[in-house]
Amino acid sequence: MISQECYELGSKSSIIREIFSFGLKRKAEVGEDKVYDFSLGNPSIPAPPSVKQAILELLEEPAENLHAYSPAPGDPKVRAVIAESLNRRFGETFTADNIFMTCGAAASLSICLKALCNPGDEVITFAPFFTEYRCWVEATGATLQVVPPRIPDFQIDTDVFEGMITSKTKAVIVNTPNNPSGVVYSEETVKRLGEILRRKSEECGSPIYLITDEPYREIVYDDIQVPYLTKYYENTLVCYSYSKSLSLPGERIGYIVIPDRIADHAHVAPAIAGAARVLGYVCAPILFQKVIEKCVEDTGDLSAYRRNRDLLMGGLEKLGYTCVPPQGAFYLFVKALEPDAYAFCEHAKKYDLLLVPSDDFGCPGYVRIAYCVSEKTIVNAMPAFEKLMEDYRTNAV
Ligand code: PLP
């Protein structure tokens, strides 16, 4: 008998992938420019020129340096460069030993969860949340507990959160800027989170770890600051990825920060290395580790996302849609025009608008619109959004 759990995960794709595949089929039928696909969070801007330059320079190095295994946690020089950058930007005191190179945020999160959790443990996250958390948590034998969304500001309902913590709570996952809401948790929210976790860890007699998932850290608008969570709670592990800031999602490169000051560091750090081993995520791609060494603080031209946000949100609000104003990432969370977001997305398909229903994000009644698309797609999609609104206004649905 094979693993039923894996069979089920593999035999049905995620709703996002399903809509994306539908979009590909539909584009083949009616033409690329007639389908407004807002399903996937694939960066629409190119990697910065410094990435190409770094690759070209690296290709001149002897092949044995370029394509070999790195040490399991990554190249010490690359890790030192990342630690220095974090120290400069966030007033930290990390060294190479605090950085573990991984294959993107997905690997970073699965490693942290595998390292920390035993069957029967609980992991808490906040709705709306990135759908893959559920399978990464459940793969460890732990269960995912979801704090309901705080509508309309989509910050964290800290009182409800506090009430959900039990002696089984091993970790809490927080994602800011958030996919799918685009909200950045405020300093006030983050401070309160730290206070609760500190108090509850003491009450329960064992540390509750905070895992921060922050692939969108650099994609923020209106001079918003994203608090660096290690500064607010000592037992924080940071999961970072270059998929979005450098537009390198296909290269699978990121890291985990394991600060010296986390509780039981002597066991947690080796457990991270052990989890990476069990999951097969050791020796992250070395060519891209070396690219990161050269481009550690670079980003693509992220201003395109701000223009898209303004264009899309401005256009939709003018038509009467209710939007959650995104402070970061490249997603707009919009109230569906009927309670059933699935039915609303099905209806939107009539106009070749491909939107993602919010149920799997733990927050029914909304849709996610990924605006990492060309400006032209947004402009051309507006008449379709208008017709969709018109259908609901005139009860033609
Ligand atoms: N976490 C969030 C919130 C994401 O949106 C994504 C990807 O879209 C990931 C994790 C996975 O990122 P990566 O491609 O770096 O594995």
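Quick summary incoming for the structure in this document. (Residues numbered from 1 in each chain as written. Predicted model: local features only at pLDDT ≥ 70, side-chain atom pairs only at ≥ 80, totals over all residues. Heavy atoms only, no water.)

Among the 5 residues in strand 10 (residues 331-335), 4 count as buried, and that is most of the element. Judged from the 2 bridges that link them, strand 9 (residues 323-324) and strand 10 form a sheet pairing that is antiparallel. Counterpart to Cys 323 in the pairing with strand 10 is Val 334. Hairpin connection, strand 9 to strand 10: the antiparallel pair is bridged by 6 residues, and Ala 329 has positive phi, about 60°. Alignment of strand 10 against strand 13 (residues 366-370), held across 5 bridges, turns out to be antiparallel. When the sheet's bridge partners are listed, Lys 335 is paired in strand 13 with Tyr 366. (Buried < 20%, exposed > 50% of the residue type's maximum accessible area, 1.4 Å probe, protein only. Helix = DSSP H or I, 4+ residues; strand = E, 2+ residues; numbered from the N terminus. Pairing = 2+ DSSP bridges.)

With that settled, consider the site of the ligand. Around the ligand lies a shell of 13 residues, among which Asp 213, Tyr 216, Ser 241, Ser 243 and Arg 252 are the nearest. Separating an oxygen atom of the ligand from a side-chain N or O atom of Asn 179 is a distance of 2.8 Å. The protein chains hide 90% of the 400 Å² of surface that the ligand would expose on its own. More than half of the atoms belonging to the ligand lie within 2 Å of the grid points that define the largest pocket. Among the elements that line the shell around the ligand, the one with the most residues is helix 6 (residues 104-116), at 3 residues. Class assignment for the residues of the shell around the ligand results in 5 nonpolar, 5 polar and 3 charged. (Near = heavy atom within 4 Å. Polar contact = N/O pair within 3.5 Å; in protein donor to acceptor, adjacent residues only side chain to side chain. Areas by Shrake-Rupley, 256 points an atom, 1.4 Å probe, with all protein chains shown as cover. 1 Å grid on protein atoms, 1.4 Å probe; cavity = no way out; pocket = protein on both sides within 12 Å on 5 of 7 lines; lining within 4 Å. Sits in = over half its atoms within 2 Å of the grid points. Nonpolar A, V, L, I, M, F, W, Y, C, P; charged D, E, K, R; others polar.)

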